[in-house]
Amino acid sequence: MIRACPRCQRPNRVPARHLADEGRCGACQAALPALDAPVEVDAALFDEIVDGAVVPVLADFWAAWCAPCRAAAPEVAAAARQMAGRAIVVKVDTEREQALAARFGVSGIPHFVVFQGGQSVRGRSGYRSRGELATFTLG
Ligand SMILES: [Zn+2]
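The structure displayed is predicted, hence computed values, not measured ones.

Turning to the state of the cysteines, a few remarks are in order. If you walk through the whole model with that rule in mind, you get one disulfide. Each sulfur of the disulfide joining C66 and C69 lies 2.2 Å from the other. Disulfide C66-C69: torsion about the S-S bond near 85°, hence right-handed. Relative accessible area serves as the criterion here: at 3%, C66 is assigned to the buried category.

The structure is reproduced here in structure tokens:
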């Protein structure tokens, strides 16, 4: 995926297998820290990250109209910070990416799915705190 350098703002293409690693900006050589925030994904970016990641990927299936999803959003962001370097967090807007939600049989949201090696290994619906999300993701 494309990540903007925190120093020079230039786009850097980072392969999914390196998203949980610290890297270096190709333009200015500043450190690009391990991904520490949820990534909004479409179907193509979802597949790129889930298939390429070497750490667990937590997917948050959500929608703007869903109050428990909005309540969970800060917890999802905090879990992404807490798990930086150990896991990747992606967010799937189920209104925009209905095919993706259907692929994983998502009915109630928020719905959380953990992927390892491109395979879904566990999933559950409903609000979770940051600590619960980290335990759920890291196993
Ligand atoms: Zn840079």
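The protein atoms donating to the zinc ion are C5 (SG), C8 (SG), C25 (SG) and C28 (SG), with metal-donor distances spanning 2.3 to 2.4 Å. Around the zinc ion sit four donor atoms, and with donor-metal-donor angles ranging over 105 to 115° the site reads as tetrahedral. Written as a sequence motif, the donor residues of the zinc ion are C-x2-C-x16-C-x2-C. Remark: C28 occurs in the loop between β3 (23-24) and β4 (31-32) and C8 occurs in the loop between β1 (2-4) and β2 (11-13); sequence separation between them is 20 residues. Residue class for C8 comes out partly exposed when judged on its relative accessible area of 28%. Residue classification places C28 among the partly exposed residues on the basis of a relative accessible area of 21%.

Remark on secondary structure: sheet strands pair via backbone hydrogen bonds, oriented parallel or antiparallel. Strand order in this open sheet of five strands is β5-β7-β6-β8-β9, and the pairing throughout is mixed. Bordering the open sheet on either side are β5 (39-40) and β9 (119-125), each of which pairs with just one other strand. The pairing of strand β8 (residues 111-116) with β9 spans six bridges and is antiparallel. Note that in β9 the partner of Q116 across the bridge is Q119.

Within the secondary structure layout, C69 lies in helix α2 (residues 67-82). With relative accessibility at 3%, the residue C69 sits in the buried group. As for C69 and Y127, which are separated by 58 residues in sequence, their C-alpha atoms are 7.0 Å apart. When neighbours within four sequence positions are excluded, C69 is seen to be in contact with W62, A63, I109 and P110.

The biggest cluster of nonpolar side chains holds 34 residues, and the ones touching the most others in it are F46, I49, I88 and V90. When residues of this core are traced back to their parent elements, those giving at least two are α1 (43-52), β6 (57-62), β7 (88-93), α3 (98-103) and β8. With residues up to four places along the chain from it excluded, the contact list for I88 reads A16, L19, L35, I49, A53, V55, P56, V57 and L58. The next biggest cluster of nonpolar side chains, apart from the first, holds 13 residues, and it includes A72, V76, V114 and A134.

About the criteria used
Residues numbered from 1 in each chain as written. Predicted model: local features only at pLDDT ≥ 70, side-chain atom pairs only at ≥ 80, totals over all residues. Heavy atoms only, no water. Disulfide = S-S within 2.5 Å. Buried < 20%, exposed > 50% of the residue type's maximum accessible area, 1.4 Å probe, protein only. Donors = N, O, S within 2.8 Å, 3.2 Å for Na, K, Ca; no water. Tetrahedral: all angles 85-135°; square planar, octahedral: opposite > 155°, others 65-115°. Helix = DSSP H or I, 4+ residues; strand = E, 2+ residues; numbered from the N terminus. Pairing = 2+ DSSP bridges. Contact = heavy atoms within 4.5 Å. Core = buried A, V, L, I, M, F, W, Y, C linked by side-chain atoms within 4.5 Å.

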